[in-house]
Amino acid sequence: MPAFYDLTRPELETLLTAWGEPAFRARQVWQAVYRDLAAGPAEISTLPKPLRERLAAEVSFGTLAPAAAVRSSDGQTRKQLFHLPDGRAIETVLMGYARRRTTCISTQAGCAMGCVFCATGQMGFQRHLTAGEIVQQVLWFARELQAQEDRLTNIVVMGMGEPFHNYDATLRAVDVLTDPEGFNFGARRLTISTVGLVPMIRRFADEKRQVNLAISLHAATDDLRAELLPVNRRYPLAEVFEAARYYVAQTHRRVTFEWALIAGRNDTPEQARAFAGLARGLMCHVNVIPLNPTRGYAGQAATRERAAAFLDILAQHHIPGSVRVRRGIDVDAGCGQLAVRAGTAASPLD
Ligand code: SAH
Ligand code: SF4
């Protein structure tokens with residue numbers, strides 16, 4: 001049975017045409033779901049009843065089952081747990097700011113990359129999400145905000161999983177969400193964060209999209225980066241920076257580097273200077289954030305002073321950066337980094 005949220009608009013057109021429906025029907029359904037945010041065919045009252053019934057019987061709508069939800073004590077951050085049909089669980093976060101409503105979405109259950117400080121990495125890999133499972137996370141909060149006459153302003157692909165390890169499903173979800181006939185989400189308000197899968201950074205650069213790219217760097221020497229991010233053994237810093245430069249050349253967009261500051265490890269002046277050396281002349285921005293401690297890793301968050309000193313050194317080398325505050329999911333977060341990183345991407349509204 002086709003899953004509705006996996007389909008692109010042309011694919012929906014093909015399906016409904018094969019059912020003998022007139023050409024305008026696909027657009028009608030598409031707009032009802034992605035513009036009006038109907039949760040399923042039963043809610044699309046403009047459709048003839050037989051078509052509503054056939055859609056309900058032959059296409060699956062909604063495969064994410066909402067489970068636990070948690071809210072930070074300041075009420076500004078909310079995390080929603082979803083169960084997938086096979087019993088796996090993923091998380092999606094919504095953060096409220098003065099002017100922004102940002103959702104942080106997952107692309108995999110677990111993650112294969114094994115970054116030592118990451119709660120998802122510590123879980124190991126379970127499976128890729130489908131495009132539809134990625135899309136539905138966004139729709140969940142979009143619907144909820146709509147009910148409050150509010151709307152999402154930013155999407156960050158910084159939840160569980162490595163989006164470029166699940167490239168096709170992630171980009172298909174981006175296509176669906178940015179479709180001008182439907183959800184029409186601005187590509188410039190969407191940020192994909194990667195651990196640094198070099199061939200995929202290049203592929204993404206070649207697509208010349210308006211989507212923002214963030215690279216999780218966390219260290220500027222190969223020894224240290226490989227200790228923290230095992231993927232660095234496969235794609236060392238020199239290759240990551242070559243790919244980042246290629247991205248900027250292809251898209252004329254700046255690249256964001258993410259850096260979780262771990263006390264006494266990667267918060268040193270030496271690391272800041274090494275970074276400045278690597279990034280010389282590169283159009284970039286650095287987001288530093290104190291580490292969110294996780295159960296599986298002994299490292300602690302760098303102090304505010306160290307974070308400020310780190311950015312000072314970057315500034316001396318004319319590299320812009322900012323320290324991001326932790327958004328408080330002040331509960332035992334199974335997937336610590338969601339709450340930490342989400343909303344930290346450089347955004348046009350910053
Ligand atoms: N897999 C992608 C996107 C998801 S992780 C990536 O790694 O970029 C989103 C961000 O959260 C990454 O920058 C990641 O390094 C960071 N992160 C993971 N665990 C963290 C922690 N405990 N504290 C702070 N940042 C963390
Ligand atoms: Fe995966 Fe990103 Fe966590 Fe690394 S930081 S383990 S790539 S989710």
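In this text the structure is predicted, and so the values were computed from the model without any measurement. (Residues numbered from 1 in each chain as written. Chains lettered and ligands numbered in written order. Predicted model: local features only at pLDDT ≥ 70, side-chain atom pairs only at ≥ 80, totals over all residues. Heavy atoms only, no water.)

Novice: Can you lay out the packing of aromatic side chains for me, pointing to particular residues and giving the numbers?
Specialist: The full count for this structure, using the stated rule, is 18 aromatic pairs. Each ring, one from Phe 4 and one from Phe 61, has its centre 4.7 Å from the other, and the planes form 20 degrees; the classification is stacked. Pair noted here: Phe 4 is in the segment before α1 (9-18) and Phe 61 is in the loop between α3 (49-58) and β1 (65-71), with a separation of 57 residues, a long-range link. Since its relative accessible area comes to 1%, Phe 4 is described here as buried. By way of ring pairs, the aromatic residues Phe 4, Tyr 5, Trp 30, Tyr 34 and Phe 61 are connected into one cluster. (Phe/Tyr/Trp six-rings, centres within 6.5 Å; stacked < 30°, edge-to-face > 60°. Helix = DSSP H or I, 4+ residues; strand = E, 2+ residues; numbered from the N terminus. Buried < 20%, exposed > 50% of the residue type's maximum accessible area, 1.4 Å probe, protein only.)

Novice: Help me get a handle on the pattern of salt bridges, residues and values and all.
Specialist: Scanning the model with the defined rule gives 18 salt bridges in all. Taken together, the salt bridges that share partners define one network made up of Arg 9, Glu 13 and Asp 179. (Salt bridge = Lys/Arg side-chain N within 4 Å of Asp/Glu carboxyl O.)

Novice: Quick rundown of the pairing of strand β8 (residues 190-194)? Include the residues and the values.
Specialist: Most of β8 is tucked away: five of the five residues are buried. The side-chain alternation of β8 yields two buried faces, one formed by Leu 190, Ile 192 and Thr 194 and the other by Thr 191 and Ser 193. Pairing of strand β7 (residues 154-157) with β8, which is carried by three bridges, proceeds in the parallel orientation. By the bridge assignment, Ile 155 is partnered in β8 with Leu 190. Each parallel crossover has a hand, and the one from β7 via helix α6 (residues 167-178) to β8 is right-handed. Here β8 pairs with strand β9 (residues 212-216) via four bridges, running parallel. Within β9, the position partnered with Thr 194 by the bridge is Ile 215. (Pairing = 2+ DSSP bridges. Right-handed = clockwise from strand over helix to strand, strands pointing away.)

Novice: Account for the environment of Leu 311, naming residues and giving values.
Specialist: If you trace the backbone, Leu 311 turns up in helix α11 (residues 304-316). Leu 311 gets classed as buried once you look at its relative accessible area, which sits at 14%. For the pair Leu 311 and Ala 272, spaced 39 residues apart in sequence, the C-alpha separation works out to 7.8 Å. In contact with Leu 311, other than residues within four places in its own chain, are Val 288, Gly 321, Ser 322 and Val 323. (Contact = heavy atoms within 4.5 Å.)

Novice: An account of the confidence of the model for the protein chain is requested, with residue identities and associated values reported.
Specialist: Averaged over every residue, the pLDDT of the protein chain is 92; residues scoring 70 or more account for 93%. Low pLDDT, under 50, characterises residues 331-350; the predicted model gives this stretch 75 contacts beyond four residues in sequence or across chains. (pLDDT = per-residue confidence, 0-100.)

Novice: Can you break down the site of ligand 2 residue by residue, with the values?
Specialist: By nearness alone, every residue bordering ligand 2 is listed as Cys 111, Met 113, Gly 114, Cys 115, Cys 118, Gly 121, Gly 161, Glu 162 and Val 195. The residue makeup of the shell around ligand 2, split by class, is five nonpolar, three polar and one charged. (Near = heavy atom within 4 Å. Nonpolar A, V, L, I, M, F, W, Y, C, P; charged D, E, K, R; others polar.)

Novice: How would you explain the nonpolar core if you had to name every residue and give the values?
Specialist: Grouped together as the largest cluster of nonpolar side chains are 107 residues, with contacts concentrated most on Phe 4, Tyr 34, Phe 183, Val 255, Phe 257 and Phe 275. Considering every element that reaches this core, the biggest residue donor is helix α5 (residues 131-147), with eight residues. Viewed by domain, this core spans two of them, domain 1 (4-58) and domain 2 (65-342), each represented by three or more residues. Sequence-distant contacts of Val 255, defined by excluding residues within four places in its chain, comprise Leu 213, Ile 215, Ala 244, Tyr 247, Val 248, Leu 282, Met 283, Cys 284 and His 285. Met 95, Cys 104, Met 158 and Ala 214 belong to the second-largest nonpolar core, a separate cluster that totals seven residues. (Core = buried A, V, L, I, M, F, W, Y, C linked by side-chain atoms within 4.5 Å. Domains from an automatic or database assignment.)

Novice: Go over the sheet that holds strand β12 (residues 321-323), please, and point to the residues and values.
Specialist: The strand order β1-β2-β3-β4-β7-β8-β9-β10-β11-β12 describes an open sheet built from ten strands, whose pairing is mixed. This sheet does not close on itself; its edge strands, each paired only once, are β1 and β12. With direction set aside, neighbouring strand axes in the sheet form an average angle of 20 degrees. In the sheet, strand β4 (residues 101-104) pairs with β7 via three bridges, with the strands oriented parallel. Bridge pairing in β7 places Cys 104 opposite Val 156. Most of the contacts of helix α9 (residues 237-251) go to strand β10 (residues 255-261), to which it runs at about 140 degrees, and overall it touches β9 and β10. Packed onto the sheet, α11 meets β10, β11 (284-290) and β12 and runs at close to 175 degrees relative to β12. (Axes fitted to C-alpha atoms, helices over the stretch in contact; angles between N-to-C directions.)

Novice: Before we move on, can you summarise the domain arrangement of the protein chain with the specific residues and values?
Specialist: Parsing the protein chain into structural domains produces domain 1 (4-58) and domain 2 (65-342). For domain 1 and domain 2, the distance between their C-alpha centroids amounts to 33 Å. Summing the contributions of domain 1 and of domain 2, the shared interface buries around 1400 Å²; its carbon and sulfur component is 53%. On the domain 1 side of the interface with domain 2, the three residues burying the most area are Tyr 5, Tyr 34 and Leu 37, jointly 44% of the side's total. Taken together, the connections running from domain 1 to domain 2 amount to three salt bridges. Between Asp 179 and Arg 9 there is a salt bridge, with the nearest N and O atoms lying 3.0 Å from each other. Our count for the contact surface shared by domain 1 and domain 2 stands at eleven residue pairs in polar contact (both at pLDDT 80 or more). Those elements that place two or more of their residues in the side of domain 1 that touches domain 2 are α1 and α2 (24-34). Tallied by class, residues from the side of domain 1 that touches domain 2 come to seven nonpolar, two polar and six charged. (Buried area = accessible area lost by both parts, 1.4 Å probe. Polar contact = N/O pair within 3.5 Å; in protein donor to acceptor, adjacent residues only side chain to side chain.)

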